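Examining the three-dimensional arrangement
Single-letter residue listing:
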Amino acid sequence: MTTTDTRETTATGLVFPPGFVFGAATAAYQIEGAVDVDGRGPSIWDTFSHTPGKTHLGHTGDVAVEHHARYREDVALMADLGLAAYRFSVSWSRVLPEGAGRVEQRGLDFYRRLVDELLEAGVDPWLTLYHWDLPQALQDQGGWTSRDTAERFADYAGVLYDGLGDRVSHWSTLNEPMCSALLGHMAGQHAPGHRDAVEASRATHHLLLGHGLATRVLRERGADSCGLTLNFTPMTPASDSPADVDAARRLDGQQNRMFLVPVVTGEYPADVAEDLAAAGAPLPIEDGDLELIATPLDWLGVNFYFGSVVRATEEPTGKASSFIGGERVEEVPPTGPTTTMGWGVTPHAFTDLLLRLRDTAPGLPLVITENGSAWPDEVSPDGAVHDPQRVRYLMDHLAAVTDAIELGADVRGYFAWSLLDNYEWARGYDQRFGIVHVDYDTQVRTPKDSALAYAEVIRRHAAG
Ligand code: FCB
């Protein structure tokens, strides 16, 4: 463990390289609401959230935090906090209601208005094409288990670049394909809610293929800042026993290496491909796919929340695993303090991860595209939202980033997850990740203490 586990970090103790970008992130389905407005088509998250029993108390993103109507107010908030950049995602079915073919101009216009507002406020837009909300029309044709979806994704990338390429410089294809593939098709916790190893393996490969195809399209059209966002959970074996070590290898393989390694090297890790084949779910690779998947990137988006400890079990756990062939593997519950998600707080694992990426993806700049924590926030009688645990988490994780930079990790920016409290997928409105509090009855936004602390970090950085 490094010192970041125990030190109390403050804004004054943090020094970032010149040009380091500070921002905050959101995702379309988690904030926009307005699901029936201006011709938007349904996505798999509309279907999933409206299916009884799938989400906390049946919560849906129908209203969310009304960002579609309130985007001006939200951009003003970003400017007040001094954010230099904003990472958001586009709802594919708002722009292409059937997923392909007909473009809904009113959908595209919403994002043009949003981007113009950002540019006017001096906030640089970082656009993610896909944050989990596949058009339902494409799901009806097999979704990511079908190779065609990768082609449709590339078409969609072209439509968006044609519509917004004149004003958006930073493009990212996918957010966390691990979650789309494995939580969506193996664990069944996310849309489309399936539990099938063959589907999970097919979705994995087609997501990566879609990433490669879309990146080619963006590049051909002139984009010069293209990225991919992956979520990393470092996996530490609970003991030195060969079984625990192999359990950690398997989970690290599917969580971390299966998505990163082919993008960087043009090959899947051999042990991971073997695990999948042994589980009867081989990756459906065709000639030329890996070359496409390894289309060069300008930066890698890194999402980090916590590190895990993993052990092998003698008998199958009996729980739906997120991992293919993961029936005899479990994550050990964290020992220290946990967030309301039940996640541990492990800033040292963040530094270690960034150093590992420095070594496995040499020469590829890193951008922290998500990092944050959920706590039981309330508006106090003084009108403020005091969230000391989030302030601590934020500062300690920013310090973890500076530690990694000092040791040679090429980290260019940090986006806090999230700008606003929002719809936390299957956990509904139960989990508050925002640095800005949202009252879900009135939609009033209140910057939390963490937002003010973050603004102070940004102000000091800008002052040099
Ligand atoms: C990430 C997602 C993001 C949010 C955070 C808490 O996995 O990308 O949308 O749900 O977790």
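Shown above is the structure to which this text applies.
Described in the following lines is the structure provided in the data block. Bear in mind the structure is a predicted one, so any value in this text is a computation, not a measurement. (Residues numbered from 1 in each chain as written. Predicted model: local features only at pLDDT ≥ 70, side-chain atom pairs only at ≥ 80, totals over all residues. Heavy atoms only, no water.)

1. A look at the overall build of the chain
Our working rule: A run of H or I in DSSP counts as a helix once it spans at least four residues, and a run of E counts as a strand once it spans at least two, with each numbered from the N terminus. For the radius of gyration, the atom set is restricted to C-alpha positions; the globular benchmark scales as 2.2 Å times the number of residues to the power 0.38. Exposure categories follow from relative accessible area, calculated using a 1.4 Å probe and restricted to protein chains: below 20% of the type maximum is buried, above 50% is exposed, and the middle band is partly exposed. The criterion used for residue contact is that any of the two residues' heavy atoms lie within 4.5 Å. The protein chains shown are the only cover counted for residues, whose accessible areas, like all others here, come from Shrake-Rupley with a 1.4 Å probe. This count recognises Lys and Arg as positive and Asp and Glu as negative, with His and chain-terminal groups excluded. Throughout, a charge is located at the NZ atom of Lys, the CZ atom of Arg, the CG atom of Asp or the CD atom of Glu.
In terms of regular secondary structure, the chain is built from 15 helices and 13 strands. By the compact-globule yardstick of 23 Å for 464 residues, the chain fits well, its C-alpha radius of gyration being 21 Å. Summarising its shape, the C-alpha atoms of the chain cover approximately 55 × 55 × 45 Å along the three principal directions. For the chain, the proportion of its 464 residues judged to be buried stands at 60%. Taking all contacts inside the chain whose residues are at least 6 apart in sequence as the whole, residues at least 24 apart take part in 76%. Total accessible area computed for the chain in this model is approximately 17100 Å², and 51% of it derives from carbon and sulfur atoms. Taking the 36 positively charged and 66 negatively charged side chains of the chain as two groups, their mean positions are separated by 1 Å.

2. Description of the sheet that holds strand S11 (residues 411–417)
Applicable threshold: Strand pairing requires that DSSP identify at least two bridges connecting the strands. Working convention: axes come from line fits to C-alpha atoms, limited for helices to the stretch in contact. Angles between N-to-C directions cover 0 to 180 degrees.
Taken in spatial order, the eight strands close into a barrel running S1-S2-S3-S4-S5-S7-S10-S11, and their pairing is parallel. Across the sheet, the mean angle separating the axes of adjacent strands is 25° when strand polarity is ignored. Pairing of strand S10 (residues 366–370) with S11 involves three bridges; the strand directions are parallel. Paired with Leu-366 across the two strands is Val-411, which belongs to S11. The sheet strands contacting helix H9 (residues 197–221) are strand S3 (124–130), strand S4 (170–175) and strand S5 (226–232), and the helix crosses S4 at an angle near 165°. Where helix H15 (residues 449–463) meets the sheet, its contacts fall on strand S1 (21–25) and S11, and the angle it forms with S1 comes to roughly 155°.

3. Re the packing of helix H3 (residues 67–81) against helix H5 (residues 105–120)
For the record, the criterion: Small angles under 35 degrees read as roughly parallel and large ones over 145 as roughly antiparallel, with 65 to 115 read as roughly perpendicular and the rest as oblique. For any helix crossing, the convention is left-handed if the near helix is rotated counterclockwise from the far helix by under a right angle, and right-handed if that rotation is clockwise. Residues are sorted three ways: Asp, Glu, Lys and Arg are charged, Ala, Val, Leu, Ile, Met, Phe, Trp, Tyr, Cys and Pro are nonpolar, and all the rest, Gly among them, are polar.
At their nearest, the axes of H3 and H5 sit 10 Å apart, and the two run at 15° to each other. The orientation of H3 relative to H5 falls into the category roughly parallel. Like other packed secondary-structure pairs, H3 and H5 cross with a definite hand, here right-handed. Contacts between H3 and H5 involve His-67, His-68, Tyr-71, Arg-72, Val-75 and Met-78 on the former and, on the latter, Phe-110, Arg-113, Leu-114, Glu-117 and Leu-118. Considering only residue class, the contact of H3 with H5 consists of six nonpolar, two polar and three charged.

4. So, the side chain of Arg-390
By secondary structure assignment, the location of Arg-390 is in helix H14 (residues 388–406). Excluding its chain neighbours within four sequence positions, the residues that come into contact with Arg-390 are Ser-373, Ala-374, Trp-375, Asp-377, Arg-432, Phe-433, Gly-434, Ile-435, Lys-448 and Ser-450.

5. Some points on H3
Three or four residues apart is the spacing at which side chains of an α-helix point the same way, because the helix has 3.6 residues per turn. Stated precisely, the cut-off is as follows: The span one expects for a helix is its residue count, reduced by one, times 1.5 Å. A residue's bend is simply the angle between two axes: one fitted to the seven residues ending at it, one to the seven starting at it.
Here H3 is 15 residues long, yet its end C-alpha atoms lie only 18 Å apart, well below the 21 Å a rise of 1.5 Å per residue gives. At Glu-73, H3 is deflected by roughly 40°, the largest bend along its length. Every buried residue of H3 is accounted for by His-67, His-68, Tyr-71, Asp-74, Val-75, Leu-77, Met-78 and Leu-81. Immediately downstream of H3, the backbone of Gly-82 shows phi near 85°, a positive value.

6. Here's the deal with the site of the ligand
Operational definition: Whether a residue is near a molecule or strand depends on its heavy atoms: if one lies within 4 Å, it is near. In protein, a polar contact means a hydrogen-donor-capable atom and an acceptor-capable atom, both N or O and within 3.5 Å, with residues adjacent in sequence counting only if both atoms are side-chain atoms; elsewhere, any N or O pair within 3.5 Å suffices.
In the neighbourhood of the ligand, the contacting residues comprise Gln-30, His-131, Trp-132, Asn-175, Glu-176, Tyr-305, Glu-370, Trp-417, Glu-424, Trp-425 and Phe-433. Here an oxygen atom of the ligand sits 2.6 Å away from a polar atom, N or O, in the side chain of Glu-176. In the model, an oxygen atom of the ligand is placed 2.7 Å from a nitrogen or oxygen of the Glu-424 side chain. Against a free-state accessible area of 300 Å², the protein chains account for coverage of 95% of the ligand. When grouped by side-chain class, the residues that make up the shell around the ligand number five nonpolar, three polar and three charged.

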